[in-house]
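What the coordinates show
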Amino acid sequence: MTVFLCSKCGTAITPELAELAAVPEVSDDERDRDKETRRAPSTVPRGHYAIDSAPWGPPYVVQDDQQDPQPAQSRGPVVCRDEGFVISAGSRHTVLVHPDDAAGLQPLPNWENGSGCCGPTGDEGLNRACPCGAPVATLAADCFGPFELHLDPVRTYAFSQ
C-alpha cells in the first residue's frame, strides 16, 4: 500500500492506495456520465492509483497533423487554440487517483487554473493545493472530459509500507 505526500510539507494527501498495473480504460459514452454533474466515471477506482506515462497538461505544442488532430491529452478532448490544434507536452508519470481519495486538497486561490463549464477542465495546469498552500495536483472534472486527479510527480512523493 502507498500513501502520497506533499513534497513541501510532508502532509499525507491520500490514504493508503493500491497500485493498478495500468491506467484503466473508462467509458466516454454520454450515457455513462452522472445525470446530475455530467461527470464521466472516475478513471481510477477509489482506493487505487495508476501512473500515467502520457504527457498531461501545459505546456501545449501545435500538432503536426492539423487535418486529423488527436486529443490534447489522454482521455481528453481535441483542443484548438489560436495557433491551431495542440497536444500536451506536459509532465509525464503523473499519479492518477480518484478525486475523492485526496479530499483534503483545495482549489488554488481565486480558482486559478480552474476554469471549465461544470468543473475544471484540467488543461490549464495545477489547480489543487495541499492544506499548506503548495500547488500539488490537477483536477479534471468538467462535463466533457475525464474525471480524474493528477498528482504532480515532483510536488508529491510516494511512501510505501
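Everything numeric here is computed off the predicted structure, so don't read it as measured data.

A look at the sheet that holds strand S3 (residues 48–52)
Taken together, 7 strands build an open sheet; the order of strands is S2-S3-S7-S11-S10-S9-S8 and the sheet is mixed. The sheet is open, and its two borders are formed by strand S2 (18–19) and strand S8 (106–107), each paired with just one other strand.

Focus on the nonpolar core
Ile 13, Val 97, Leu 105, Val 136, Leu 149 and Leu 151 are the most contacted members of the largest nonpolar core, which has 18 residues in total. Among the elements of the structure, strand S1 (2–6), strand S7 (94–97), strand S10 (135–140) and strand S11 (148–151) are those that each provide at least two residues to this core. Looking at this core, the element that brings in the most residues is S10, giving 3 residues. Apart from the residues within four sequence positions on either side, Leu 105 is in contact with Ile 13, Arg 128, Ala 129, Cys 130, Val 136, Ala 137, Leu 149 and Leu 151.

Looking at empty space enclosed by the protein
Taken as a whole and assessed by the stated rule, the structure comprises 1 cavity of 30 Å³ or more. As a volume, the largest cavity reaches approximately 90 Å³. Lining the largest cavity we find 13 residues, and of these Gln 73, Pro 77, Thr 121, Asp 123 and Phe 144 sit closest to its centre. The residue inventory of the lining of the largest cavity, partitioned by class, reads 7 nonpolar, 4 polar and 2 charged.

Conventions used here
- Residues numbered from 1 in each chain as written.
- Predicted model: local features only at pLDDT ≥ 70, side-chain atom pairs only at ≥ 80, totals over all residues.
- Heavy atoms only, no water.
- Pairing = 2+ DSSP bridges.
- Helix = DSSP H or I, 4+ residues; strand = E, 2+ residues; numbered from the N terminus.
- Core = buried A, V, L, I, M, F, W, Y, C linked by side-chain atoms within 4.5 Å.
- Buried < 20%, exposed > 50% of the residue type's maximum accessible area, 1.4 Å probe, protein only.
- Contact = heavy atoms within 4.5 Å.
- 1 Å grid on protein atoms, 1.4 Å probe; cavity = no way out; pocket = protein on both sides within 12 Å on 5 of 7 lines; lining within 4 Å.
- Points joined across faces, edges and corners; volume = space filled by probe spheres on them.
- Nonpolar A, V, L, I, M, F, W, Y, C, P; charged D, E, K, R; others polar.

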